[in-house]
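# Geometric and topological summary
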Amino acid sequence: MASATSRTPHSPPDYIPEAAPLLKLVVAGGFGVGKTTLVQAVSEMRSLHTEQKMTTASVPVDSLDHTPDKTTTTITMDFGRLTLDPADPRAPVLYLFGTPGQTRFHNVWNDVTYGARGAVLLLDLRRPQESFEAMDLLEKSAIPYIVAVNDFPGAPYVSDTTVREGLDLTETTPLIHCDARDRNSAIDTLIRLVQHVMTIYRQDAAR
Ligand SMILES: Nc1nc2c(ncn2[C@@H]2O[C@H](COP(=O)(O)OP(=O)(O)O)[C@@H](O)[C@H]2O)c(=O)[nH]1
Ligand SMILES: [Mg+2]
């Protein structure tokens, strides 16, 4: 799968080989949990973000208590692309779609997640409840997902066992930690997701 050399930023192949499987993946989670940051960190092309300046109208709805520097919000989605191993023509090319975090934008959820093979559910342990709704939507859409705790400074220590119990995760749902700002950490997160998606695919194919 991905090699260390594939982590050099901005070294995608000039073209996408026909043999490469294209995988649509979703980065989901609540408001301010790091979705846009993760897509930006990994994308080998300049990622697209439909960010809007937040206005005072959003103040009662979008809490900025934990992300005081945040001045924009994703109204529809983020988009980025990552070739897992540019040297291997059969390595998957990931198309990453960040979902809008706020409940009021969930009418675009179906469009953004349509055809997705897997998802990363980002979690901020300072306010895990922000990601509950995205988790429900992933369950309803039957999209395989992993949970990635985005370790923000100041987040309380919570053991993985407690997180699993709190989210009522099945034993087979991977739970990992990441730093959405760090390219290597974000790539590791996506590799773990691709492994999970492939495991499920093989299990389904064997049935
Ligand atoms: N310290 C820290 N800040 C982060 C991390 N991930 C995101 N942020 C910051 O948290 C804020 C919200 O992130 P953003 O990606 O816009 O969240 P989104 O609403 O889920 O797209 C931004 O100011 C980011 O710079 C992280 O892992 N650590
Ligand atoms: Mg965003």
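First, a word on what this report is: a plain description of the structure on this page.

Conventions used here
Residues numbered from 1 in each chain as written. Chains lettered and ligands numbered in written order. Predicted model: local features only at pLDDT ≥ 70, side-chain atom pairs only at ≥ 80, totals over all residues. Heavy atoms only, no water. Patch = residues over 30% accessible without salt bridge, like charges linked within 9 Å, V, L, I, M, F, W, Y side chains within 5 Å. Areas by Shrake-Rupley, 256 points an atom, 1.4 Å probe, with all protein chains shown as cover. Salt bridge = Lys/Arg side-chain N within 4 Å of Asp/Glu carboxyl O. Lys, Arg positive; Asp, Glu negative; His and termini not counted. Charge placed at Lys NZ, Arg CZ, Asp CG, Glu CD. Helix = DSSP H or I, 4+ residues; strand = E, 2+ residues; numbered from the N terminus. Phe/Tyr/Trp six-rings, centres within 6.5 Å; stacked < 30°, edge-to-face > 60°. Lys NZ or Arg CZ within 6 Å of the ring centre and 35° of its normal. Buried < 20%, exposed > 50% of the residue type's maximum accessible area, 1.4 Å probe, protein only. Pairing = 2+ DSSP bridges. Core = buried A, V, L, I, M, F, W, Y, C linked by side-chain atoms within 4.5 Å. Contact = heavy atoms within 4.5 Å. Axes fitted to C-alpha atoms, helices over the stretch in contact; angles between N-to-C directions. Parallel < 35°, antiparallel > 145°, perpendicular 65-115°, else oblique. Nonpolar A, V, L, I, M, F, W, Y, C, P; charged D, E, K, R; others polar.

### Re a negative patch on the surface
Side chains of E133, D136, E139 and D168 sit close together on the surface and give a patch of like negative charge. In this fold, E133 is placed in helix α3 (residues 132-141).

### Focus: the packing of aromatic side chains
In the structure shown here, the tally under the stated rule is two aromatic pairs. An aromatic cluster is defined as three or more aromatic residues linked by ring pairs; in this entry it consists of F79, Y95 and F97. Directly above the aromatic system of F97 lies the positively charged group of K24, at a separation of 4.5 Å from the ring centroid.

### Describing the pairing of strand β4 (residues 93-98)
Taken across its six residues, β4 has five buried, putting it largely inside the fold. Of the pairings in the sheet, the one linking strand β1 (residues 22-28) to β4 comprises six bridges and is parallel in character. In the sheet register, L22 faces β4, and the bridge partner there is V93.

### Focus: the nonpolar core
With 26 residues, the main nonpolar core has V42, L82, L94, L96, V120, L122 and L190 as its most contacted residues. Listing elements by their share of this core, those giving two or more residues are β1, α1 (35-42), β4, β5 (118-123), β6 (145-150), β7 (175-178) and α5 (183-206). Per element, the largest residue contribution to this core is seven residues, and it comes from α5. Excluding residues within four positions of it along the chain, L122 makes contact with V27, A28, G29, V33, G34, K35, L38, S131, A148, N150 and C178. W109, A116, L137 and Y145 belong to the second-largest nonpolar core, a separate cluster that totals 20 residues.

### With respect to the packing of α1 against α5
Packing of α1 against α5 leaves a shortest axis separation of 9 Å and a crossing angle of 100°. Between α1 and α5, the angle is such that the two are roughly perpendicular. Only R183, A186, I187 and L190 of α5 make contact with α1, whose side of the interface consists of L38, A41 and V42. Its residues assigned to classes, the contact of α1 with α5 shows six nonpolar, no polar and one charged.

### Focus on the pattern of salt bridges
Once the charged atoms of two side chains with opposite charge are near each other, the side chains can pair. Taken as a whole and judged by the stated rule, the model has seven salt bridges. Of the charged contacts, one joins R127 and D124 as a salt bridge, the two residues approaching to 3.3 Å between their closest N and O atoms. By relative accessible area, R127 is classed as buried at 7%. What makes D124 buried here is its relative accessible area of 1%. Across the salt bridge formed by R181 and D179, the nearest N and O atoms sit 2.9 Å from each other. By relative accessible area, which is 23% here, D179 ends up partly exposed. Connected via shared salt-bridge partners are D124, R126, R127 and E130.

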